[in-house]
Every structure is written in C-alpha cells, then in structure tokens.
Amino acid sequence: MTIMRHEVSGWVTEPFPAGLPITMNLPVIDDFDGDGHADLATGPYNALITGQLRIYWGEPGVFPGSTFSFVTMPGFLGYPHLTSADMDNDGDADLLFSYDPFSFFDSGNRLFLNQGNRSFVAANDAVYPPAQASEADAFPIDIDGDGWRDVLLVSRDAPSRILWNNAGTFALATPAELPPVTNSL
C-alpha cells in the first residue's frame, strides 16, 4: 500500500508505515481531534476479528501517525463501512459506522460521538435509534435544511429510510414524510 501526498512541488509517494493494518475496510480521513492534522479511522476488513476501530492520530508532517486509540464496537460486526460528519454540531467530526447485511452477523448502524479528547462514545438508542439489520450504508446530509445533518440509510435488500436529526436526537421518518423506496438491482 502506498500513500500519495500532495506537496507544493507536486505529488510525493511513500510506503504505508510499518505496523499499520494492511487490510482495512473503507478507511476515513478527517481531523478528529481538531489539531489541523489529518487522522485515519479504520477497522479491519472483518471487524469480527477484533471488534474495534482504530484511529491513528496525525502528527505534523506525518500521516498517519503512529499513535492510535481504539473505539470498541458492540457485538459481531461483519464488514464495516465508515463515514464521518459533525452530527451533533459541536464542531468535531463524529463517526457513523454501518454494517454490511451480507455479513450474516449483528448488522445495523451506529453513531459514535466525538468527545473532543481523542475518544468516542456510542450514542444510546434514545439519541440514535438502532437500525434494521438490512440497512448497510449511512449517508449524513442535511435533507431538511435545518442546519443539522440527517442520515439517509440505504439498503440493498430493504426500503431506504431517513433518520431526522432534531438538534442531536434522531427520529425515523414516518411513511407520510418519506414513503419507503425499495431498491432493486
């Protein structure tokens, strides 16, 4: 694996640092600790192996850094998909973690809220309701234009749904608000 970095002089390639996992599933790059340096959040290809995400903290001139933190995942995870966005409007990037329904494990979607001190806490069910097992991908977007990112849940084998973000607490859209759309491939 190779890292390509854009410098003033052009693109520079360098080998992926030793000690970092080679098999990662959809890594996400964001500045999770707000220090101005890119950080790397990643889980192994099959999170069942460890049940943990790793966040490698960027350092001046070094990406990804060698310092990392673990975010522990609940249950059997299957094949994770990650995305980041500020879901609670506190100025830092949170993590949306979704599971592939074809993994045949305890699939669904979870929100991990950034605590601002290089740690994350899973949002409880009252804040972010558990998703159905068939919902594999979460897309954060402000659908209703209220300044809070909602979540579009897209599935390969069930109707897509929306979780409305009401000032940091999420509620499932009713059929009247969004009739279920079944995806067909």
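Keep in mind the model is a prediction, meaning the values are calculated, not measured.

Q: Please clarify how the overall build of the protein should be interpreted in this entry.
A: Scanning the protein from terminus to terminus reveals zero helices and 15 strands. The proportion of buried residues among the 185 residues of the protein is 42%. Counting only contacts in the protein whose residues sit at least 6 apart along the sequence, the fraction spanning at least 24 positions is 38%. Summed over all atoms, the accessible surface of the protein reaches about 9400 Å², with 59% contributed by carbon and sulfur.

Q: Looking at this model, I keep getting lost on the nonpolar core. Mind explaining?
A: Looking at soluble globular proteins, one finds that nonpolar side chains tend to be buried together. Among the nonpolar cores identified, the biggest contains 13 residues, and F32, I55, L95 and F120 are the most heavily contacted of them. Of all the secondary structure elements, the ones that give two or more residues to this core are β5 (52-56) and β8 (94-99). With sequence-adjacent residues up to four places away left out, F120 is seen in contact with F32, I55, W57, V71, A93, D94, L95, F112, L113, N114 and Q115.

Q: Looking at this structure, I do not really get the pairing of strand β13 (residues 159-166). What am I missing?
A: Of all eight residues in β13, six are buried; the element is thus mostly enclosed. Pairing of strand β12 (residues 150-154) with β13, which is carried by three bridges, proceeds in the antiparallel orientation. Looking across to β13, one finds that V151 is bridged to L163. Two strands pair when backbone bridges link them, and β13 and strand β14 (residues 169-172) are joined in this way by four bridges, in the antiparallel orientation. When the bridges of β14 are listed, N165 appears paired with F170.

Q: What is the right way to read the packing of aromatic side chains from this model?
A: Aromatic ring pairs are described here by two measures, namely the spacing of the ring centres and the angle between the planes. Tallying each qualifying case throughout the model produces three aromatic pairs. A centroid spacing of 5.9 Å and a plane angle of 75° characterise the contact between F32 and F120, whose relative ring orientation is edge-to-face. With F32 in the loop between β3 (24-30) and β4 (39-44) and F120 in strand β10 (residues 120-122), the pair connects residues that are 88 residues apart, well separated along the chain. As far as the burial class goes, F32 and F120 line up, both buried.

Q: In this structure, what is going on with the pairing of β12? I would like to understand it.
A: As paired elements, strand β11 (residues 137-141) and β12 share five bridges and run antiparallel to each other. Paired with F139 across the bridge in β12 is L152.

Q: What should I look at first to understand unusual backbone geometry in this one?
A: In terms of backbone geometry, most residues other than glycine have negative phi values and most peptide bonds are trans. The backbone of R118 sits at a positive phi, close to 65°, despite the residue not being glycine. When its relative accessible area of 32% is taken as the criterion, R118 is described as partly exposed. Within the chain, A167 stands out as a residue other than glycine whose phi angle is a positive 55°. When you line up the elements, A167 lands in the loop between β13 and β14.

Q: Is there a simple way to think about the side chain of D92 in this case?
A: Note on placement: D92 falls in the loop between β7 (80-85) and β8. Although buried, D92 forms no salt bridge, and the nearest oppositely charged side chain, R149, lies 11 Å from it. For D92, the contacting residues outside a window of four places in its chain are F32, A85, D86, N114, Q115 and G116.

Q: It is not clear to me how the environment of P175 should be interpreted in this structure. Could you clarify?
A: With respect to the helices and strands, P175 occurs in the loop between β14 and β15 (181-182). Between the C-alpha atom of P175 and that of R161, which follows or precedes it by 14 residues, the distance is 9.2 Å.

Q: Just checking my understanding: could you explain the side chain of D39 for this structure?
A: Mapped onto the fold, D39 is located in strand β4. Although buried, D39 forms no salt bridge, and the nearest oppositely charged side chain, R118, lies 5.4 Å from it. Only 2.8 Å separates the side chain of D39 from the backbone nitrogen of F32, close enough to count as a polar contact.

Rules behind the numbers
- Residues numbered from 1 in each chain as written.
- Predicted model: local features only at pLDDT ≥ 70, side-chain atom pairs only at ≥ 80, totals over all residues.
- Heavy atoms only, no water.
- Helix = DSSP H or I, 4+ residues; strand = E, 2+ residues; numbered from the N terminus.
- Buried < 20%, exposed > 50% of the residue type's maximum accessible area, 1.4 Å probe, protein only.
- Contact = heavy atoms within 4.5 Å.
- Areas by Shrake-Rupley, 256 points an atom, 1.4 Å probe, with all protein chains shown as cover.
- Core = buried A, V, L, I, M, F, W, Y, C linked by side-chain atoms within 4.5 Å.
- Pairing = 2+ DSSP bridges.
- Phe/Tyr/Trp six-rings, centres within 6.5 Å; stacked < 30°, edge-to-face > 60°.
- Lys, Arg positive; Asp, Glu negative; His and termini not counted.
- Salt bridge = Lys/Arg side-chain N within 4 Å of Asp/Glu carboxyl O.
- Polar contact = N/O pair within 3.5 Å; in protein donor to acceptor, adjacent residues only side chain to side chain.

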